[in-house]
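# Results of the structural survey
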Amino acid sequence: MKREVVEKSALGVLAILTGTGVLLLLLILGSVIWKGGPALSWEFLFEASSDFGNAGGIYYQTVGTLLLMLGAALISMPIALGTALYLTEYTQSETVKKVLRNLIYSLNAMPTILFGLVGYLFFGVFLNTGVSWLTGMLILAVMILPTLQVSIQEAIEGIPEKYRETGMSLGLDHLAQVRSVIIPHSWHGMITGVLLGLARAAGETAAIMFTATTFSGILLPQSWADPVPTLQTHILVLAQDAVNSAALTKAWGAALILLFIVFILISFSFLLRGRLKMEAEL
Amino acid sequence: MAALSVVCAGTIFLYLLRESAPVFFAEGSGFLTRSDWWVGESYGAGSMIFGSFMVTGIALIIILPFALGGAVFTSEFLSPRWRLVIKSVMELLAGVPGIVYGLLGMSMLAVWVKSGFGLIDGNTIFTAGLLLGIMILPTIITLSEDALRSVPGEYRETALALGLTRIEMVWSTVIPQAVPGIIGAIFLGMGRAMGETIAVMLVIGGLDKIPAPWFDVFQAGQSIPSKLGREAAEAIGSGLHWNALMGLGLTLFLVVMTLSMAGNMFLKRVRM
Amino acid sequence: MYICKYSKKWVCLLVLTLVFMTRDFSLLWAGERETLRIVGSTTVLPIASRAAEQFKALKGGTFRITVNAGGSGVGVNSVAGRRADIGMISRELSDGERRRFRDSHLTLHQVARDGVVCAVSSEVYEGGVRALTKQQISDIYRGRLTNWQEVGGPDRRIVVVDKERHRGTRHVFMKYILGNATARAPAARLVTGSNNEEQAKIAQSDGAIGMLSVAWLNEDVKGTGIREGDRVIEPTREHIVSGDFPMARSLVFLTAGEPKGLAREFIAFVLGPKGRRIIENSGYTPMPATTTAQVTTP
């Protein structure tokens, strides 16, 4: 009897603990919607901001964030693909693979402020790209590289041996094999990785706050040397310097948009991975 | 091309080393132990290091029951469909941008802490720790759950066949097997907590002092990334101040690298 | 394989979005449009921001002006490091800065006068604390006085709000109160950054003391007068202009060497009649009308 009581109560406790975790997500989402909802309007989304963000909208901030994200993904993808292919197809040694994998995971866990600092030194100063959206894209590209790479690598490793054997039996050499067997079948992994990488880049503030952004004065970058306004830094400045509650509501509105972008990306990656599982089970 | 990742990590390390060298010459090992940071006079990183560890510690203490409880429940007692739901929820939580957490922390959490504990101000080490705990929950839950799931089914079946209740089975057979993986998850969570900049910066209070007494977490404090975030723009490029900030960065880099590599090693043992 | 079709559509969407967004800028001729970069003190920021808007509207043209905060220290550093064209500062250059940036030939242009006030939460002000002596403020920041009762106020702990070390407002405040622009404040309970943050913290508390520019006072944040002997010097415009108020300061635009082109025009605009109106509307005091661009090279 007692053991059953213990079992039931333990399960109850665990359920509550788990439920709290789920509740957190709902709370966060709810709060952002509740606080930021009032700020949302057609004008808000498509107007420029003015008067220190007290008035106007966040159009150019959104564009800035999207530019940095997409640029980072475009730069990072070929590199991630190359690295993943190299690791799976061309390296034989298990130790090298393990070491590299550990390094990549650790790079993933690196504090992003360090990416910002060293990125500024390397790209901004050494390569003289200054404080600009180019620097921002480069730094973010390096930052999301592990995310993309791991995803691609898992996709490549998930390709059933059958396909490779078929390829080899047809007489394909390594390069052709890569082209016609591996890449088509790991495309979904690339997309998943890109989506997750984009989500990560969208959420990043520390790496870009003093390397790529400006709060006012620039709408769209007109040369590679321009900084850009972004949602993340806009929220940061408003959060610290809001003179009145109207500005703070706009900060919440911007946060809602940012959250929305991130959640859409992650949700898409779920759908894709769902299909991936089905494909792999065929 | 694979060398690129090695190059990246190496570059970061070397740059940090090179840029921070002067401050180590100026302050010696006192840089790490003394807690007096006053630009122009002395650079002791003690308060920041203390703050970083304190905040991470609080985060872990607060969130571990939820994270581990959640992991055990999800992996052992939920159907595959519900498991997928939990995983998805956690992944969404993990994707929430740091600045959004910061905004939530500033406008809501800090206010609750202030009125709930009757403080002068809600920006304290405790608030930062609590916020960080929420931020690392998804990481620890997901990885711990992976660790638990990879324990082979035979163990569970044998235990049940012997007449143990499910809870007893989990407690005595599954969990002990998954301990290395869980430790790995915790290390990785710690690494993430130590590296978070924006959210902590907005709620920790920015005071470069070790609280007196040291365990009074309801005072303002400072963590390494938060300090970097606040002062980097001022000192960027040159000068002893910059070197000192780089020294902070180097310390952070080494600590997080160690935690991550150790964490990954523990997890690897499970990820066979 | 329908994943391929699905992702192709997605890629097309991406490309279309990019094309849609590029309609406004021509990457093809990645020419450098002229940009005037202004960085620094949050005290001077409102002036620069509003002036930038009006200046651009007046002049037309394709140039841009970026105005960013960061604090006086960031302003100095950015101009010296060529990351900004004009730095906004609300204090004097420190000796350390003069030494470090000797080769940058930093040139100061005074644009307005302002006062730093010892600000308290409105509850403290209403509770009887209307003026403090220098010694009292100094003791508070050093931790020797801890309750408002000790200076004639309500029975409440004093919440000492400090500012980041490099901020102009802090330099001016500390120079007067503690005798040293970069003095430490052992009793500091909170550290804030911009004027806005400081104002917010003092307003949120019911027993706080802090340092703020006169232009930032409001119903929740009141400025105390300085008591010297028998008389009390209120932080009013007359006292700031006459120099009676001990913590008066100049708001300055900083350039590396002589300003040229856009920078020069902008500074002239701020010193002109339109600029003076902006300065007054922002709560500061413009320089006397006879001032032309005052240039002082340290």
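Residues numbered from 1 in each chain as written. Chains lettered and ligands numbered in written order. Predicted model: local features only at pLDDT ≥ 70, side-chain atom pairs only at ≥ 80, totals over all residues.

### Some thoughts on the overall build of chain A
In plain terms, the rule: Every helix listed is a DSSP run of H or I at least four residues long, and every strand listed is a run of E at least two residues long, numbered separately from the N terminus.
Within chain A, the regular secondary structure consists of ten helices and two strands. In chain A, the succession of α and β elements from N to C terminus is α-α-β-β-α-α-α-α-α-α-α-α. Oriented by its inertia axes, the alpha-carbon framework of chain A measures out at about 70 × 70 × 35 Å.

### Brief notes about helix 10 (residues 224-235) of chain B
Residue and element names in this part refer to chain B. Condition: A helix's residues, less one, multiplied by 1.5 Å, set its expected span. The exposure label follows from counting other C-beta atoms within 10 Å of a residue's C-beta, where the C-beta atoms are placed from the backbone and the thresholds are 20 or more for buried and 12 or fewer for exposed, leaving partly exposed in between.
Across its twelve residues, helix 10 extends 15 Å between first and last C-alpha, which sits within 8% of the 16 Å expected from 1.5 Å per residue. The buried count for helix 10 comes to eleven of twelve residues, which makes it a mostly enclosed element. Buried residues of helix 10: Ile 224, Pro 225, Ser 226, Lys 227, Leu 228, Gly 229, Glu 231, Ala 232, Ala 233, Glu 234 and Ala 235, and no others.

### What about the nonpolar core?
As a rule of thumb, nonpolar side chains are buried together in soluble globular proteins. Here is the rule: Nonpolar cores are built from buried Ala, Val, Leu, Ile, Met, Phe, Trp, Tyr and Cys residues. These are joined into a set through C-beta atoms within 7 Å. What fixes the domain bounds is an automatic or database domain assignment. Placing a C-beta atom from the backbone of each residue, one calls two residues in contact when those atoms lie within 7 Å.
One finds Leu 68 and Ala 255 of chain A together with Ile 47 of chain C to be the most contacted residues of the largest nonpolar core, which totals 258 residues. Both of domain 1 (2-37) and domain 2 (41-281) of chain A provide at least three residues apiece to this core. Look past the residues within four positions of Ala 255 of chain A in its chain and what remains in contact with it is Val 32, Gly 36 and Ile 235 of chain A together with Val 100 and Leu 103 of chain B.

### Some details on the pairing of strand 4 (residues 106-121) of chain C
Residue and element names in this part refer to chain C. How we decide: Paired strands, as defined in this entry, are two strands with at least two bridges between them according to DSSP.
The buried fraction of strand 4 amounts to 14 of the 16 residues, a majority that puts the element mostly inside the structure. In the sheet, strand 4 pairs with strand 11 (residues 248-256) via nine bridges, with the strands oriented antiparallel. Within the sheet, the bridge partner assigned to Ala 112 lies in strand 11 and is Leu 251. Here strand 4 pairs with strand 12 (residues 285-286) via two bridges, running antiparallel. Considered in strand 12, the bridge of Ala 112 is made with Pro 286. Where strand 4 meets strand 8 (residues 208-213), five bridges bridge the pair, whose relative direction is antiparallel. Note on strand 8: the bridge partner recorded for Cys 118 is Met 211.

### So, the domain arrangement of chain A
All names here are of chain A. Put simply, the rule reads: All residues other than Ala, Val, Leu, Ile, Met, Phe, Trp, Tyr, Cys, Pro, Asp, Glu, Lys and Arg, Gly among them, are scored as polar; the first ten of these are nonpolar and the last four charged.
As assigned here, chain A comprises domain 1 (2-37) and domain 2 (41-281). Summarising the inter-unit geometry, the C-alpha centres of domain 1 and domain 2 are found 31 Å apart. With four residues of domain 1 in contact, the opposing surface of domain 2 contributes six residues. Taken together, the residues of the side of domain 1 that touches domain 2 sort by class into two nonpolar, one polar and one charged.

### Details of the interface of chain B and chain C
Contact with chain B, which involves 17 residues of that partner, is made by 20 residues of chain C. When residues of the side of chain B that touches chain C are assigned to their parent elements, the largest contribution, four residues, is made by helix 10 of chain B. Residues that form the side of chain B that touches chain C fall into these classes: eight nonpolar, six polar and three charged.

### As for the confidence of the model for chain A
Where the model shows low pLDDT, its predicted coordinates should not be examined in detail. As a reminder, the rule being used: Confidence per residue, as judged by the predictor, is encoded in pLDDT with a range of 0 to 100.
Scored by pLDDT, chain A comes out at a mean of 82, with 92% of its residues at no less than 70. When mean pLDDT is taken per element in chain A, helix 1 (residues 2-36) of chain A scores highest with 88 and strand 1 (residues 49-50) of chain A scores lowest with 72.

### Things to note about the interface of chain B and chain A
At the junction of the two partners, chain B supplies 64 residues and chain A supplies 61 residues. With ten residues, helix 1 (residues 3-27) of chain B is the single largest residue contributor to the side of chain B that touches chain A. Grouping the amino acids of the side of chain B that touches chain A by side-chain chemistry returns 43 nonpolar, 17 polar and four charged.

### Description of the pairing of strand 9 (residues 221-228) of chain C
Regular strands show a simple pattern: their side chains alternate between the two faces of the sheet. Residue and element names in this part refer to chain C. With four bridges connecting them, strand 4 and strand 9 associate as antiparallel partners. Directly across from Cys 118, in strand 9, lies its bridge partner Thr 224. Inspection of the sheet shows strand 5 (residues 131-133) paired to strand 9 by three bridges, in the parallel sense. In the sheet register, Ala 131 faces strand 9, and the bridge partner there is Gly 225. Pairing analysis gives three bridges linking strand 9 to strand 10 (residues 231-233), with the strands arranged antiparallel.

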